Amino acid sequence: MKEWTLEERYRVLESPEDIRDLHERIKGSVYRQKYHVQPVTGLSSDPNGFTCHDGVWHLFYQWCPWGAVHGLKYWYHVTSKDLISWENAGVGLYPDRDYDNKGCHSGSAISTDETLYFFYTGNHRDENWVRTPYTCAAYLGEDGRPVKLPEPLFGPRDDHSEHQRDPKVFYNEEKGRYYIFIGAQTLDKKGCVLVYESEELLSGWTYAGQLKVPGFEDFGGMWECPCIERISGKDVLLFSPQYTKLPGRAESTNHNVYLIGTMDYDTLTFTPDGDYQHLDFGFDFYAAQLASNVGDPDKAVIIAWIGLPDNHYPTEPEEWEGSMTLPRELRIRDGVLYQTPLPAMKELRDELICADELPVFGEMELNFDGNDAAFALFAREDGTGGLTFSYDAAQQICTIDRSGMDKRFNEKVGETLTMPLRTPLRKLQIFIDRSSVEIFANDGEATFTTHLYPSERERWFWTAGKIDAKVWTLKASVEDSFVV
């Protein structure tokens, strides 16, 4: 594994020519995705600025162009008209101001009738490498490129640690005000959310206070990527708690959870209806963001990074890493969130094939009879290895194990996880791309996302128990063009 110097990681991208050859090498990888957004080169991480504006879906992702390493961050821009087919649009935000001299870090977007606005964390470091996080803003110019404000909206608070980032901007009609939620950490290293408010988007921001979440005062050491949305009359709070281990999550210290409850903007209190729930039970799911301007009070659209902070993946030697999940519809049913693939994904179905041999990218639909069952994806021809899935009907628990794959990774974090279900297992919908698998159980009751890197000999599918399987190849829907 390459050892990166600070100078290499924080090198400024001067010209597209700096990385053209790198892209040419990377695009030949057998693990390049066909219907998931992925980095044009280097590393992609958190989704940012996810919104619909003037009939076009805009998505940005955290991007370090030089390789599979966290360094100087840009926002890379992709667009879509249907959330299925995505085109590369080039760099959106450059770290070219003093207040973001070491990176344009995560944030969000909001669309008005006339303009698309962006809010992000400017990562400033001084000559002693001391960090100051600024909350910054930009808007989409007539040429389709973001235009930054000359100064940040506001700086960090000294009554919290330096970990203050990931602004989520939204408008509350009842209060007639804009709000920004910022992921933060208290001085005694507890995760929290800071709240700012204003009557205008680009000025007048004042600190309203720290969000109170009864029962979660000691939950995690930092809350990244906070996000709030009202769905079917209930408030949903998403965030990514760090520096903590949670039951059933092996050795991972990075998670993505949600609470359903009621938000009181007068007291800045989010009162949960119950305990936290996992957004996804897989190995690789983080920094989920809800799209703004969806236009339906009964659903949201969510996307996340397939990856985790500090983890490493087999494409690192190829100098690229990371993908976005499929965009998913989010609804509340029986007091929990259900996530489902977009209905338009069915338009990518190409050919119905034999279920014995798996496509390098495709879709599976498995139906069960409610009893114990097991299967393996990407097993060897003799039936050994692969990503194994077993269902315990008595406990209604699914167990997924990727330790049988030829290419193993993040072994110390954990290679076996469970996905508990509330109802008996009836159906799985599985989306396979060249380096990822996304599993949707019981029409979205639970999901499981993982990176996976099959070798040439790992292409078989076996089952135990009564499982009815259909497999389709899928058409590619994401460009892998060199646009910078």
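Notes on the structure in this doc start here.

Criteria and cut-off values
Residues numbered from 1 in each chain as written. Predicted model: local features only at pLDDT ≥ 70, side-chain atom pairs only at ≥ 80, totals over all residues. Heavy atoms only, no water. Helix = DSSP H or I, 4+ residues; strand = E, 2+ residues; numbered from the N terminus. Rg over C-alpha atoms; globule rule 2.2 N^0.38 Å. Buried < 20%, exposed > 50% of the residue type's maximum accessible area, 1.4 Å probe, protein only. Contact = heavy atoms within 4.5 Å. Areas by Shrake-Rupley, 256 points an atom, 1.4 Å probe, with all protein chains shown as cover. Lys, Arg positive; Asp, Glu negative; His and termini not counted. Charge placed at Lys NZ, Arg CZ, Asp CG, Glu CD. Pairing = 2+ DSSP bridges. Axes fitted to C-alpha atoms, helices over the stretch in contact; angles between N-to-C directions. Core = buried A, V, L, I, M, F, W, Y, C linked by side-chain atoms within 4.5 Å. Salt bridge = Lys/Arg side-chain N within 4 Å of Asp/Glu carboxyl O.

### Quick word on the overall build of the protein
- What the protein contains, in helices and strands, is 2 helices and 34 strands.
- Against the globule reference of 23 Å for 484 residues, the protein gives a C-alpha radius of gyration of 22 Å, in line with a compact fold.
- Overall, the protein is about 65 × 55 × 40 Å in size when its C-alpha atoms are taken along their principal axes.
- With 484 residues in all, the protein has 61% of them scored as buried.
- The contacts in the protein between residues at least 6 apart in sequence include a share of 59% that link residues at least 24 apart.
- With an accessible surface of roughly 19100 Å², the protein has 45% of that area assigned to carbon and sulfur atoms.
- Separation between the mean location of the 48 positive side-chain charges and that of the 78 negative ones in the protein comes to 2 Å.

### Some remarks on the sheet that holds strand β29 (residues 416-420)
- Taking strand neighbours across the sheet as the criterion, the 5 strands line up as β29-β28-β27-β26-β33 in an open arrangement whose pairing is antiparallel. Edge positions in the open sheet fall to β29 and β33 (460-464), since each of these has one partner strand only. Going across the sheet, the axis of each strand differs from the next one's by a mean of 15°, ignoring polarity.
- Sheet analysis places strand β26 (residues 373-379) next to strand β27 (residues 386-392), joined by 5 bridges and oriented antiparallel. Paired with Phe375 across the two strands is Phe389, which belongs to β27.

### Here we look at the pairing of strand β31 (residues 436-441)
- Within β31, 6 of the 6 residues are buried, leaving the element largely enclosed by the surrounding structure.
- On β31, burial covers both faces: Ser436, Glu438 and Phe440 on one face and Val437, Ile439 and Ala441 on the other are all buried.
- Sheet analysis places strand β30 (residues 427-433) next to β31, joined by 6 bridges and oriented antiparallel. For Asp433, the partnering residue across the bridge sits in β31 and is Ser436.
- Taking the residues that link successive antiparallel strands as the turn, the β30-β31 hairpin has 2 residues.
- Where β31 meets strand β32 (residues 446-451), 6 bridges bridge the pair, whose relative direction is antiparallel. Bridge pairing links Phe440 to Thr447 in β32.
- Counted along the chain from β31 to the antiparallel partner β32, the turn is 4 residues long, and its residue Asn442 has a positive phi close to 50°.

### So, the nonpolar core
- Counting residues in each nonpolar core, the largest one holds 51 residues, and the members touching the most others are Tyr35, Phe50, Leu59, Trp63 and Trp86.
- Listed by contribution, the elements that provide at least two residues to this core are α2 (20-26), β1 (42-53), β2 (56-64), β3 (74-80), β18 (286-290) and β19 (300-306).
- With 5 residues, the top contributor of residues to this core is β2.
- When neighbours within four sequence positions are excluded, Phe50 is seen to be in contact with Trp57, His58, Leu59, Leu83, Trp86, Gln289, Leu290, Ala291, Ser292, Val301, Ile302 and Ile303.

### A closer look at the environment of Leu326
- Here Leu326 shows up in the loop between β21 (323-324) and β22 (328-333).
- For Leu326, a relative accessible area of 3% corresponds to the buried category.
- Between the C-alpha atoms of Leu326 and Trp305, which are 21 residues apart in sequence, the distance is 9.6 Å.
- Residues contacting Leu326, with those up to four places away along its chain left out, are Tyr35, His36, Ile302, Ile303, Met345, Phe431 and Glu438.

### Structural notes on the pattern of salt bridges
- A full pass over the atoms with the stated rule returns 30 salt bridges.
- We note a salt bridge from Asp159 to Arg157, for which the minimum N-O separation is 3.0 Å.
- According to the relative accessible area criterion, Asp159 is partly exposed, its value standing at 34%.
- Taking the shortest distance from any N to any O, the salt bridge between Asp280 and Arg328 comes out at 3.3 Å. Of this pair, Asp280 sits in the loop between β17 (277-278) and β18 while Arg328 sits in strand β22, placing them 48 residues apart in sequence. Accessibility classification places Asp280 together with Arg328 in one group, the buried group.
- A single salt-bridge network, built from bridges that share partners, covers Asp96, Asp100 and Lys148.

Just geometry here; none of it tells us what the structure is for.
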